[in-house]
Amino acid sequence: MHRRIQLHKHVHTLRADEFGSLADVRESAAAASPRVLIVGCADHGLAPDMLSFATPGRCAVVQNLAASIPAADQPYDSTMASLEYAVVQQGVRDIIVCHHLCCRIVRYWMRTPILHAPNDPGCRFNQNACWTVDRLYRYTTQSERQTLMICEHTLYQLENLRSHSIVQDRLAVGRLRLHGWVVDDSTARVLAYTPHTHQFVSIEKISNRKRIS
């Protein structure tokens, strides 16, 4: 993560009380039946299922193009079907949107904008993360630009996730927590979104907020 990058605070409407801590994730992963769902990027390979807080197989994993999630007003797809099943049937308590800095899919979308198919993940990326970064941020390199886009893309996917009633209802009664993670491929360090500061920081720095009852 580039040290000088600071995310703008007023782009997204994410509520701090809807986010969990690493302690929440560890507790859910250790339950008799795993209660953690990771929405990851297909380009990230097996990495989402090999995170150090849990042994392989202890988290449900859904992978697609750039960890993309459709909003409630967009066509229902297999990602939402998997999310719905995990929440309703498996009792998932923590949903992690997990992206990574060296994503080749995002790199391709940056070079070849997809603008003709409104419901295509690449088109949504260009309309949201790409548009936001190129109009609101200053960057000096393409690497820095990609880092900003991946962070913004992750936050847009969290907003899309919480737009669904099945998620809203469980967030409202404390039966679900959200998490936004970005993995630095070069160091394998996980950077977690902290809604109080609206930044991605090393996951070890997240305080242990109230857990799900």
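Refer to the structure presented above.
Residues numbered from 1 in each chain as written. Predicted model: local features only at pLDDT ≥ 70, side-chain atom pairs only at ≥ 80, totals over all residues. Heavy atoms only, no water.

Right, let's get into the pairing of strand 6 (residues 199-202). Pairing geometry for strand 5 (residues 189-194) and strand 6, over four bridges, is antiparallel. From the neighbouring strand, T194 faces strand 6, where its bridge partner is Q199. In textbook terms, the turn of a hairpin is the stretch between consecutive antiparallel strands, and for strand 5 and strand 6 this stretch comprises four residues, one of which, H198, has a positive phi near 55°. (Pairing = 2+ DSSP bridges. Helix = DSSP H or I, 4+ residues; strand = E, 2+ residues; numbered from the N terminus.)

Between its first and last C-alpha, helix 4 (residues 121-136) extends 21 Å over 16 residues, near the 22 Å set by a 1.5 Å rise per residue. All buried positions along helix 4 are accounted for by G122, C123, R124, F125, N126, A129, C130, T132 and V133. Packing partners of the buried residues in helix 4 comprise helix 3 (104-111) and helix 5 (142-162). Where helix 4 begins, the side chain of D120 points an oxygen toward the backbone nitrogen of G122, at a separation of 2.7 Å. (Expected span 1.5 Å × (residues − 1). Buried < 20%, exposed > 50% of the residue type's maximum accessible area, 1.4 Å probe, protein only. Contact = heavy atoms within 4.5 Å. Polar contact = N/O pair within 3.5 Å; in protein donor to acceptor, adjacent residues only side chain to side chain.)

Further remarks concern the packing of aromatic side chains. If you walk through the whole model with that rule in mind, you get three aromatic pairs. Considering the side-chain rings of W109 and F125, the 5.4 Å spacing of their centres and the 40° angle between planes classify their relative orientation as tilted. You can see W109 sitting in helix 3 and its partner F125 sitting in helix 4, a full 16 residues away along the chain. Side by side, W109 and F125 carry an identical accessibility label, which is buried. For the ring pair Y193 and F200, a centre distance of 5.6 Å and an interplane angle of 50° mean the geometry is tilted. Pairwise contacts between aromatic rings join F19, Y193 and F200 into one cluster. (Phe/Tyr/Trp six-rings, centres within 6.5 Å; stacked < 30°, edge-to-face > 60°.)

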